[in-house]
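What the coordinates show
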Amino acid sequence: MARPIIIDCDPGVDDCFALLTALASPEELEIKGICTVAGNVPVETCTKNALGLLTFTGRTDIPVYQGCPRPIQEAPVFASHIHGETGLGAARLPEPVVDARPEHAVAFLIDTLRSASPASITLVPTGPLTNLGLALVEAPDIAEAIAEIVIMGGAFETGGNITETAEFNMYADPHAADIVMSCGRPITLIGLDATLKFRCTVERMKMLSDARHKTTDLISEMIGHVNDIYGEIYGEDGAAMHDPCTIGYLLAPHLFEARTAHVRVETEGRRGHTAVDVHLLGDAKPNVNWVDGLDAPRLFELLLSRITRL
Ligand code: BDR
Ligand code: CA
């Protein structure tokens with residue numbers, strides 16, 4: 001039976017890659033809804049992109065719920081210098097043929113989780129954790145229905161990508177991330193220690209263009225833009241494909257290496273830094289399955305084989 005999931009995202013180039021992979025995997029994943037949040041670009045743009053992607057794939061049956069326009073406490077930070085003003089790099093999506101649902105994403109999360117069986121819904125946040133953090137504050141009882149939270153976020157040994165020590169999603173809303181980390185449900189955190197090993201190399205860009213499919217063309221245009229921006233930093237290694245690692249993990253966890261850890265998100269000082277304690281020092285209790293390795297060639301083959309099904 002397909003695993004029910006809710007994707008909470010800020011599309012965003014790599015969020016789109018994650019969404020496409022999930023849409024292409026109905027045998028394993030049932031997408032109950034897509035929530036959007038301010039992150040890479042303003043939330044209205046994220047919502048338009050999610051709806052455009054569903055229009056592009058003919059899956060307008062999946063409901064989209066617009067969420068928070070800013071983090072809980074901090075001023076919003078965007079990443080349009082990387083993802084472009086539209087959030088889509090050099091790609092264009094069709095104008096959406098449907099609207100977002102009128103319900104707010106936080107209300108959708110609360111209503112859906114409240115009416116679900118215990119440990120039945122998997123949440124997949126690939127943006128700042130504002131929606132889920134607020135939902136857990138407003139309705140702590142919803143935690144019971146969460147089977148697992150598979151998050152793209154965090155950085156430890158690699159250092160950060162927005163400050164020396166912080167990854168973007170954790171930095172954008174550290175207070176929400178802190179709430180989520182302590183919710184008591186199983187959390188898998190896929191941070192930069194893993195995702196920076198998953199690059200869109202020249203060879204993989206060629207695999208995308210050789211596939212000659214509408215989804216691989218779209219992803220090529222998106223990632224090509226990020227590669228151009230990051231060229232001097234990443235060179236032939238290409239940009240990292242962060243967010244699709246979450247869906248890859250759900251489809252094939254054996255392609256990832258993970259360790260049990262206690263993870264705390266710093267809200268002050270090194271804002272957004274994930275302090276990862278794999279030795280469980282002092283009173284620390286494990287709260288996270290910390291992913292720090294992956295099999296990049298096999299993961300890329302898996303994602304490519306999925307998105308060319310659409
Ligand atoms: C994360 O930040 C965003 O820019 C990406 O979409 C990804 O979710 C990587 O740090
Ligand atoms: Ca994202």
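Read on for a plain summary of the structure. These figures come from a predicted structure and were not determined experimentally.

Scoring rules and cut-offs
- Residues numbered from 1 in each chain as written.
- Chains lettered and ligands numbered in written order.
- Predicted model: local features only at pLDDT ≥ 70, side-chain atom pairs only at ≥ 80, totals over all residues.
- Heavy atoms only, no water.
- Donors = N, O, S within 2.8 Å, 3.2 Å for Na, K, Ca; no water.
- Helix = DSSP H or I, 4+ residues; strand = E, 2+ residues; numbered from the N terminus.
- Near = heavy atom within 4 Å.
- Polar contact = N/O pair within 3.5 Å; in protein donor to acceptor, adjacent residues only side chain to side chain.
- Areas by Shrake-Rupley, 256 points an atom, 1.4 Å probe, with all protein chains shown as cover.
- Nonpolar A, V, L, I, M, F, W, Y, C, P; charged D, E, K, R; others polar.
- Buried < 20%, exposed > 50% of the residue type's maximum accessible area, 1.4 Å probe, protein only.
- Axes fitted to C-alpha atoms, helices over the stretch in contact; angles between N-to-C directions.
- Parallel < 35°, antiparallel > 145°, perpendicular 65-115°, else oblique.
- Left-handed = near helix turned anticlockwise from the far one by under 90°.
- Contact = heavy atoms within 4.5 Å.
- Pairing = 2+ DSSP bridges.
- Core = buried A, V, L, I, M, F, W, Y, C linked by side-chain atoms within 4.5 Å.

Below, the discussion takes up the coordination of the calcium ion (ligand 2). Within the first shell, the calcium ion (ligand 2) binds the protein through Asp10 (OD), Asp15 (OD), Asp15 (OD), Thr126 (O) and Asp243 (OD), at distances of 2.2 to 2.6 Å. Within one chain, the residues serving as donors to the calcium ion (ligand 2) are arranged as D-x4-D-x110-T-x116-D. Taken together, the residues span a long stretch of sequence, with aspartate 10 in the loop between strand 1 (3-9) and helix 1 (13-23) and threonine 126 in the loop between strand 4 (121-125) and helix 5 (130-138) at a distance of 116 residues.

The next thing to look at is the site of ligand 1. Close to ligand 1 lie Asp14, Asp15, Asn40, His83, Thr126, Met152, Asn161, Glu167, Phe168, Asn169, His242 and Asp243, which account for all nearby residues. In the model, an oxygen atom of ligand 1 is placed 2.5 Å from a nitrogen or oxygen of the glutamate 167 side chain. With respect to ligand 1, the side chain of asparagine 169 contributes an N or O atom lying 3.0 Å from an oxygen atom. In the complex, the protein chains occlude 96% of the 280 Å² of accessible area that ligand 1 would expose alone. Among the secondary structure elements, those contributing two or more residues to the shell around ligand 1 are helix 1 and helix 6 (168-172). Its residues placed into classes, the shell around ligand 1 shows two nonpolar, six polar and four charged.

By the element assignment, aspartate 99 lies in the loop between helix 3 (80-83) and helix 4 (105-114). On the basis of relative accessibility, which here comes to 68%, the residue aspartate 99 falls in the exposed class. As for aspartate 99 and threonine 60, which are separated by 39 residues in sequence, their C-alpha atoms are 9.2 Å apart.

Bringing the packing of helix 2 (residues 43-57) against helix 10 (residues 214-234) into the picture now. Closest axis-to-axis distance for the helix 2/helix 10 pair is 11 Å, and the angle between their directions is 150 degrees. Taken together, the axes of helix 2 and helix 10 are roughly antiparallel relative to one another. Taken as a pair, helix 2 and helix 10 cross one another with a handedness that is right-handed. Residues Leu53, Phe56 and Thr57 of helix 2 lie in contact with helix 10, whose contacting residues are Lys214, Thr215 and Leu218. Across the contact of helix 2 with helix 10, the residue classes break down as three nonpolar, two polar and one charged.

Take the sheet that holds strand 5 (residues 146-152) next. Two modes of strand pairing occur in sheets, parallel and antiparallel, and in both the strands are linked by backbone hydrogen bonds. Pairing in this open sheet of nine strands is mixed, and the strands run 3-2-1-4-5-6-9-7-8 from one edge to the other. Of all strands in the sheet, those with a lone pairing partner are strand 3 (64-66) and strand 8 (274-277), marking the two edges. Sheet twist, expressed as the mean angle between neighbouring strand axes with direction ignored, is 30 degrees. Here strand 4 runs beside strand 5; their pairing, made up of three bridges, is parallel.

In terms of burial, helix 1 is a largely internal element, 11 of the 11 residues being buried. Here helix 1 has its buried residues at Val13, Asp14, Asp15, Cys16, Phe17, Ala18, Leu19, Leu20, Thr21, Ala22 and Leu23.

Ranked by size, the top nonpolar core spans 58 residues in total, and within it Ile5, Ile7, Ile34, Phe198 and Ile247 carry the most contacts. For this core, the element with the highest residue contribution is helix 1, accounting for eight residues.

Here we come to unusual backbone geometry. Cis geometry is found at the peptide bond from proline 11 to glycine 12, where omega equals -10 degrees. Assignment of secondary structure puts glycine 12 in the loop between strand 1 and helix 1. A positive phi is found at leucine 280, a non-glycine position, where the angle reads about 50 degrees. Tracing the chain through its elements places leucine 280 in the loop between strand 8 and strand 9 (288-294). Its relative accessible area of 29% is what places leucine 280 among the partly exposed residues.

Just distances and angles here, no functional claims.
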